[in-house]
Amino acid sequence: MVRSLTHAADCIVKESAESYWAETEITLIQDGLYYSLPEGCIWVGAVLFSEDGTTYNDGVLHPTTFAHLDELDPDWSARTGTEPTHFVVYSAPGIPDYSKILLWPAMSSVTAQTVKVRYLSCIPAANISFTAATEMPWAVDEIYVPLVVGM
């Protein structure tokens, strides 16, 4: 019964939200600050760094704001480093060819470094593509559990 209610809650959430968890890899460029995000990206959950472009265990970038970057270093846009440590979602996610992410500091030298962006993505219409999607722990605690208990 609990499994059936959990499945029903999952269908309710996914049909209402029409979103799912996705990820994309971005190849870094020398002195690059801004990178495009996929059109469906509506929220960035994590940005993982890879030194070799294959394994993403070389660091997790911290979310920040432009105001915080200004506090850290008034000349932050001109600074470079060996790997990015922070990210800012720049512009409005979900707008074609307009959604961007800022990775700071820009890398002074690039070989094969990439980042993997894990994000919440929207889809144009509710369908059965959710079967393989996974939920973040906060979504289980704040959405699924109250829905199942309510049913």
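About the thresholds
Residues numbered from 1 in each chain as written. Predicted model: local features only at pLDDT ≥ 70, side-chain atom pairs only at ≥ 80, totals over all residues. Heavy atoms only, no water. Helix = DSSP H or I, 4+ residues; strand = E, 2+ residues; numbered from the N terminus. Buried < 20%, exposed > 50% of the residue type's maximum accessible area, 1.4 Å probe, protein only. Contact = heavy atoms within 4.5 Å. Areas by Shrake-Rupley, 256 points an atom, 1.4 Å probe, with all protein chains shown as cover. Core = buried A, V, L, I, M, F, W, Y, C linked by side-chain atoms within 4.5 Å. Pairing = 2+ DSSP bridges. Axes fitted to C-alpha atoms, helices over the stretch in contact; angles between N-to-C directions. Patch = residues over 30% accessible without salt bridge, like charges linked within 9 Å, V, L, I, M, F, W, Y side chains within 5 Å. Salt bridge = Lys/Arg side-chain N within 4 Å of Asp/Glu carboxyl O.

Chemist: Mind laying out the overall build of the chain, listing which residues take part and the relevant values?
Modeler: Along its length, the chain carries three helices and nine strands. Listed N to C, the secondary structure of the chain is α-β-β-β-β-α-β-β-β-β-β-α in terms of helices and strands. For the chain, the residues scored as buried account for 36% of the 151 residues in total. The contacts of the chain with a sequence gap of at least 6 include a subset with a gap of at least 24, amounting to 73%. Roughly 8800 Å² of accessible area belongs to the chain as shown, and the carbon and sulfur atoms make up 57% of that amount.

Chemist: Let's hear about the nonpolar core: which residues, and what values?
Modeler: Formed by 17 residues in total, the largest nonpolar core has its most connected members in Val-44, Val-47, Ile-101, Leu-103, Val-115 and Val-117. Contributing elements (two or more residues each) for this core: strand S1 (19-27), strand S3 (41-50), strand S7 (100-104) and strand S9 (114-122). Of all the elements, S3 adds the most residues to this core, at four residues. In contact with Val-117, not counting residues within four places along its chain, are Ala-22, Glu-23, Thr-24, Ile-26, Leu-37, Val-44, Ala-46 and Val-47. Among the nonpolar cores identified, the runner-up in size contains seven residues, and Leu-33, Leu-69, Trp-104 and Ala-106 belong to it.

Chemist: Could you give an account of the sheet that holds S1, naming the residues involved and the relevant values?
Modeler: Taking strand neighbours across the sheet as the criterion, the three strands line up as S1-S9-S3 in an open arrangement whose pairing is antiparallel. If you trace the sheet from one side to the other, it starts and ends with S1 and S3, each paired once. Each strand of the sheet is rotated relative to its neighbour by a mean of 20°, with strand direction disregarded.

Chemist: Account for the sheet that holds S7, naming residues and giving values.
Modeler: If you trace the four strands from one edge of the open sheet to the other, you get S2-S7-S6-S4, paired in mixed fashion. Strand pairing shows two members of the sheet lacking a second neighbour, strand S2 (34-36) and strand S4 (62-63), which therefore form its edges. In terms of strand pairing, S4 meets strand S6 (residues 86-90) through two bridges, oriented parallel. Bridged to Pro-63 within S6 is Phe-87.

Chemist: Before we move on, can you summarise a nonpolar patch on the surface with the specific residues and values?
Modeler: The grouping of Ile-42, Trp-43, Trp-138 and Ile-143 at the surface amounts to a nonpolar patch, some 350 Å² of accessible area in total. Mapped onto the nonpolar patch, the elements with two or more residues apiece are S3 and helix H3 (137-150). Within the element layout of this structure, Ile-143 appears in helix H3. The class for Ile-143 is partly exposed, based on a relative accessible area of 30%.

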